[in-house]
Amino acid sequence: METLLFTSESVNEGHPTFLFTSESVNEGHPDKLCDQISDAVVDACLEQDPESKVSCETCTMTNMVMVFGEITSRANIDYEKIVRDTCRKIGFVSDDVGLDADKCRVIVNIEQHSPEVDTRCPEEIGADEELCVFGYATDETIPECMPFSHVLATQLGARLSEVRKDGTCPWLRPDGKTQVTVEYRNVKGSVDPIRVHTVVISTQHDETVTDDEIARELKEHVINDVIPEWYLDEKTIFYLNPFVIGGPHGGAGLTGRKIITDTYGGWGAHGGGVFSGKDPTKLDRSGAYLARKAAKNIVADGLAERCMVQVSPGMIPINLDLKRGNNGRFLKTAAYGHFGREEPGFTWEVAKAHDQV
């Protein structure tokens, strides 16, 4: 993905600066594993029954994954298969990497309710939910319209998975975390990123590689591939913290514990609701998507440099066409962010409200 970054030419104009840090976690982080399993269940239900009502939670620990919650759907779902397939796709294929998708214990505790339980018409669904959601956008990055610090942290994490899977860095394992601190300059209320102050990459690896090799290859194949060279200088600080034991073997995971990395990396605001594991009638998710779409349209049209939208709406799932099955759309959101990505089915990222989605 090409990103155009808006900055001024000189970084020494005497204007006040401040530091802002955003973090991201890899697809193999225990919490992210849970998010992806929960959203894989959502996708599977909507694929067979667009009117499915899904509230699916996942937790994990050493050699165990449990999915639980309430689902109202006509879909016939093999939950254990979804769990094992999702774990395997991420790279959890043996106990050595933190979890064995084929041998781990899978516990399913889903209460299946009758599809006739909810008799409300579609436009009424969600209208009586008392909650507020937020959307945010900024012209720091184009076309993403996302905060620079968040984009860098997220792209570093995604790049770690790429070089692990394509064999560039075969010593990498699925778990990891990235963190980027950016120095911003405030010029009469216009906030511009001027340099990267600190980069932290904490990644799981096998026992065959040395710390020096890890540092060298991370800089060559990950950091230099993601962060434009003009944002790095002799004062940029790098903390490269490798570890061997990771995934569910290294710590417990639970759906919905990474809501800030899922959204704007600490910028803007968050209503507090979890996205993953919820079908489109849940306003925690669809409301945040619509608010993001509104904020992005305002920034993309040049009406503001940054925008935050707060709403308490109804009719959202229909507006964004969220019920239709779309090639694992919600599973894709469950790692590396729900916003700022041009992916098929991400209707909330369409920059013009009048475009067909």
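Bear in mind the structure is a predicted one, so any value in this text is a computation, not a measurement.

## Quick word on the pairing of strand 3 (residues 53–61)
With nine bridges connecting them, strand 3 and strand 4 (residues 64–72) associate as antiparallel partners. For Cys 59, the partnering residue across the bridge sits in strand 4 and is Met 66. Linkage of strand 3 to strand 4, two consecutive antiparallel strands, is achieved through a turn of two residues, within which Asn 63 is found at a positive phi near 60°. Sheet topology note: the strand 3/strand 13 (residues 253–254) ladder contains two bridges and is antiparallel.

## Section: the pattern of salt bridges
Tallied over the full model, the rule gives 21 salt bridges. Taking the shortest distance from any N to any O, the salt bridge between Arg 195 and Glu 183 comes out at 3.2 Å. Here Glu 183 lies in strand 10 (residues 172–187) and Arg 195 lies in strand 11 (residues 190–205), a separation of 12 residues in the sequence. Under the relative-accessibility criterion, Arg 195 is labelled buried at 12%. Three or more residues are tied together by salt bridges with common partners; here these are Lys 81, Asp 85, Arg 88 and Asp 102.

## A few points about the nonpolar core
Soluble globular proteins tend to pack their nonpolar side chains together in the buried interior. The biggest cluster of nonpolar side chains holds 71 residues, and the ones touching the most others in it are Cys 87 and Ile 227. Ile 227 has contacts with Leu 152, Leu 156, Val 196, Val 199 and Leu 232, leaving out every residue within four places of it along the chain.

## Considerations on the side chain of Thr 263
Within the element layout of this structure, Thr 263 appears in the loop between helix 5 (259–262) and helix 6 (283–300). Apart from residues no more than four positions distant in its own chain, Thr 263 is found in contact with Met 146, His 150, His 270, Phe 275 and Phe 339.

## Some details on the packing of aromatic side chains
Counted by the stated rule, this structure contains 10 aromatic pairs. Consider the rings of Trp 230 and Tyr 231, whose centres lie 6.1 Å apart with planes at 45°: the pair is tilted. For Trp 230, a relative accessible area of 60% corresponds to the exposed category. According to the relative accessible area criterion, Tyr 231 is buried, its value standing at 1%. Between Phe 275 and Tyr 289, the ring centres sit 5.8 Å apart and the planes meet at 75°, which makes this aromatic pair edge-to-face. With Phe 275 in the loop between helix 5 and helix 6 and Tyr 289 in helix 6, the pair connects residues that are 14 residues apart, well separated along the chain. Each of the two residues, Phe 275 as well as Tyr 289, counts as buried. Clustering of aromatic rings is evident, with ring pairs tying together Tyr 136, Tyr 264, Phe 275, Tyr 289 and Phe 339. One Lys or Arg, Lys 219, reaches over the ring of Phe 238 and ends 4.6 Å from the middle of that ring.

## Some remarks on helix 2 (residues 79–90)
A rise of 1.5 Å per residue sets the reference length of helix 2, with its 12 residues, at 16 Å; its end C-alpha atoms lie 17 Å apart and thus fit the reference within 8%. Looking only at helix 2, the buried set comprises Tyr 79, Ile 82, Val 83, Arg 84, Thr 86, Cys 87 and Ile 90. Gly 91 sits one or two positions beyond helix 2 and adopts a positive phi of about 125°.

## Digging into the side chain of Asp 206
Tracing the backbone shows Asp 206 in the loop between strand 11 and helix 4 (211–226). Buried charged residue Asp 206 carries no salt bridge. Nearest counter-charge: Arg 173, at 5.4 Å. Within polar-contact distance, the side chain of Asp 206 engages the side chain of Thr 208 at 2.7 Å. Apart from the residues within four sequence positions on either side, Asp 206 is in contact with Pro 170, Trp 171 and Arg 173.

## A closer look at the pairing of strand 8 (residues 133–138)
Strand 8 sits mainly inside the fold: six of its six residues count as buried. Neither face of strand 8 is left uncovered, since the one carrying Val 133, Gly 135 and Ala 137 and the one carrying Phe 134, Tyr 136 and Thr 138 both have all their residues buried. Sheet topology note: the strand 8/strand 14 (residues 306–311) ladder contains six bridges and is antiparallel. Bridge pairing in strand 14 places Gly 135 opposite Val 309.

## What to know about the environment of Trp 348
Its place among the elements puts Trp 348 in the segment after helix 8 (329–333). Linking Trp 348 and Lys 296, residues 52 residues apart in sequence, is a C-alpha distance of 8.8 Å. The contacts of Trp 348, once residues within four sequence positions are left out, are Tyr 289, Arg 292, Lys 293, Leu 320, Leu 322, Arg 329, Thr 333, His 338 and Phe 339.

## With respect to unusual backbone geometry
Of the consecutive residues Ile 142 and Pro 143, the connecting peptide bond is found in the cis state with omega at 15°. Relative to the helices and strands, Pro 143 resides in the loop between strand 9 (141–142) and helix 3 (148–165). With a phi angle near 60°, Asn 63 is a residue other than glycine that sits in the positive phi range. Judged by its relative accessible area of 35%, Asn 63 falls in the partly exposed class. With a phi close to 55°, Cys 145 is a non-glycine residue in the positive phi region. With respect to the secondary-structure elements, Cys 145 resides in the loop between strand 9 and helix 3.

Cut-offs applied
Residues numbered from 1 in each chain as written. Predicted model: local features only at pLDDT ≥ 70, side-chain atom pairs only at ≥ 80, totals over all residues. Heavy atoms only, no water. Pairing = 2+ DSSP bridges. Helix = DSSP H or I, 4+ residues; strand = E, 2+ residues; numbered from the N terminus. Salt bridge = Lys/Arg side-chain N within 4 Å of Asp/Glu carboxyl O. Buried < 20%, exposed > 50% of the residue type's maximum accessible area, 1.4 Å probe, protein only. Core = buried A, V, L, I, M, F, W, Y, C linked by side-chain atoms within 4.5 Å. Contact = heavy atoms within 4.5 Å. Phe/Tyr/Trp six-rings, centres within 6.5 Å; stacked < 30°, edge-to-face > 60°. Lys NZ or Arg CZ within 6 Å of the ring centre and 35° of its normal. Expected span 1.5 Å × (residues − 1). Lys, Arg positive; Asp, Glu negative; His and termini not counted. Polar contact = N/O pair within 3.5 Å; in protein donor to acceptor, adjacent residues only side chain to side chain.

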